[in-house]
Amino acid sequence: MAAPEPDPDRAPGTGSTPGTPGTTADTDDNPGSAPDTTPGPEPLTVPSMSAGPDFVLRPWEMSDLPLIREASLDPYIPLITTIPAPYSEAAAEAFVRRQWERAATGAGYPFAIVRSRDRRPVGAIGLWLRELPEGRASLGYWLTDLARGQGVARAALRTVTGWALRDLGVPRLQLYIEPWNTASARIAEDIGFRREGLLRGWQQVGDERRDMVVYALLNSDGPADGRAVTAH
């Protein structure tokens with residue numbers, strides 16, 4: 001699993017990133033200053049996309065609560081996302097609403113990963129646009145245990161990567177992967193991401209700060225999914 005970008009999908013109570021609710025970056029340090037009238041990001045429409053013959057990416061639905069329940073039992077997923085643990089239906093519904101809100105506020109595109117043959121959701125992937133004004137976007141994904149080792153992550157990541165570079169014209173995509181996660185690193189490299197370096201103590205995971213390896217793919221790097229990437 002590639003760790004989601006800390007701002008859009010940071011688990012409550014596990015540390016803060018500047019700019020997230022509750023930090024000084026989210027408050028008005030100068031009450032006498034003029035209000036900020038800069039227009040906010042435009043709302044986004046999360047599309048449905050085929051991720052090869054076996055999987056579909058689509059917006060989150062309230063029918064996805066069983067997926068959230070399953071993910072809440074995973075020892076790692078709740079540490080790097082806002083998946084509620086322990087699970088409750090109210091908290092799961094709030095999770096789905098957060099995904100809708102992220103699209104509505106322009107923060108990014110959250111997708112559920114769904115198996116085509118039985119329409120069962122098996123994971124999630126997101127394209128996060130907080131740094132898009134600087135020409136960067138981040139990707140993160142997770143899968144439930146039963147979906148791992150079946151090519152799901154590769155298919156989903158290849159689909160969103162190609163779409164972001166080719167159709168959205170994002171100049172640079174980034175992934176953050178823990179050094180021990182060789183499976184995710186291999187998937188990223190297979191798709192064309194390049195390892196750029198180790199970020200020490202980059203992200204809070206549970207009760208500790210963890211190192212992350214940053215992988216990146218530029219719009220100008222060439223094919224990301226077997227087709228040429230066209231720079232916009």
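Residues numbered from 1 in each chain as written. Predicted model: local features only at pLDDT ≥ 70, side-chain atom pairs only at ≥ 80, totals over all residues. Heavy atoms only, no water.

A. View of the overall build of the chain. Each helix and strand counted, the chain has 6 helices and 8 strands in total. For the chain, the succession of helices and strands along the chain, N to C, is α-β-β-α-α-α-β-β-β-α-β-α-β-β. Burial status across the chain gives 51% buried among its 232 residues. A fraction of 63% describes how many contacts in the chain between residues 6 or more apart in sequence connect residues 24 or more apart. (Helix = DSSP H or I, 4+ residues; strand = E, 2+ residues; numbered from the N terminus. Buried < 20%, exposed > 50% of the residue type's maximum accessible area, 1.4 Å probe, protein only. Contact = heavy atoms within 4.5 Å.)

B. Molecular detail of the environment of Pro-59. Here Pro-59 lies in the loop between strand 2 (55–58) and helix 2 (65–72). Classification of Pro-59 as partly exposed rests on a relative accessible area of 27%. Expressed as a C-alpha distance, the spacing of Pro-59 and Gln-99, which sit 40 residues apart in the sequence, is 8.4 Å. Filtering out sequence-adjacent residues up to four positions away, Pro-59 remains in contact with Val-46, Pro-47, Ser-48, Asp-64 and Pro-110.

C. Representation of the nonpolar core within the structure. Leu-57, Phe-111, Ile-125, Leu-127, Val-160, Leu-173 and Phe-193 are the most contacted members of the largest nonpolar core, which has 39 residues in total. Mapped by element, the contributors of at least two residues to this core are strand 2, strand 3 (108–115), strand 4 (121–128), strand 5 (136–143), helix 5 (152–166), strand 6 (172–177), helix 6 (182–191) and strand 8 (208–218). It is helix 5 that provides the largest number of residues to this core, a total of 9 residues. In contact with Val-160, other than residues within four places in its own chain, are Met-49, Leu-57, Phe-111, Ile-125, Leu-127 and Leu-139. Membership of the second largest hydrophobic core comes to 15 residues, among which are Leu-67, Ala-71, Ile-77 and Val-96. (Core = buried A, V, L, I, M, F, W, Y, C linked by side-chain atoms within 4.5 Å.)

D. Summary view of the environment of Val-122. With respect to the helices and strands, the residue Val-122 is situated in strand 4. When the C-alpha atoms of Val-122 and Glu-70 are compared, they prove to be 9.1 Å apart, with 52 residues separating the residues in sequence. Dropping the residues within four chain positions of it, Val-122 is found in contact with Leu-67, Ile-113, Arg-115, Leu-143, Thr-144, Ala-147 and Val-152.

E. Structural context of unusual backbone geometry. Omega for the peptide link from Ala-85 to Pro-86 comes to 5°, which places this bond in the cis form. Position of Pro-86 relative to the elements: it lies in the loop between helix 3 (77–80) and helix 4 (89–104). One non-glycine residue, Arg-119, lies in positive phi territory at about 60°. Tracing the backbone through its elements, the reader meets Arg-119 in the loop between strand 3 and strand 4.

F. Highlighting the sheet that holds strand 1 (residues 49–50). The mixed open sheet is built from 8 strands, whose spatial order is 1-2-3-4-5-6-8-7. Two strands close off the open sheet at either side, each with one partner strand: strand 1 and strand 7 (194–205). Across 2 bridges, the pairing between strand 1 and strand 2 is antiparallel. Looking at the pairing, Ser-50 lines up with Val-56 of strand 2. Along the sheet, helix 6 contacts strand 5, strand 6 and strand 8; its crossing angle with strand 6, the most-contacted strand, is approximately 165°. (Pairing = 2+ DSSP bridges. Axes fitted to C-alpha atoms, helices over the stretch in contact; angles between N-to-C directions.)

G. Looking closely at the pairing of strand 3. For strand 3, the tally of buried residues reaches 8 of 8 residues, placing the bulk of the element in the interior. Pairing analysis gives 4 bridges linking strand 2 to strand 3, with the strands arranged antiparallel. Residue pairing across strands places Val-56 opposite Val-114, the latter belonging to strand 3. Examined bridge by bridge, strand 3 and strand 4 share 7 bridges and lie antiparallel to one another. Opposite Val-114, over in strand 4, you have Pro-121 as the bridge partner.

H. Looking closely at the pattern of salt bridges. In this structure the tally under the stated criterion is 14 salt bridges. Ionic pairing is found between Arg-58 and Glu-61, a salt bridge with its closest N-O pair at 3.8 Å. With a relative accessible area of 8%, Arg-58 lands in the buried category. A salt bridge links Arg-172 to Glu-196, with the nearest nitrogen and oxygen atoms 2.6 Å apart. Highlighted residues: Arg-172 in strand 6 and Glu-196 in strand 7, separated in sequence by 24 residues. A single network of salt bridges, built from pairs that share partners, joins Arg-58, Glu-61 and Asp-64. (Salt bridge = Lys/Arg side-chain N within 4 Å of Asp/Glu carboxyl O.)

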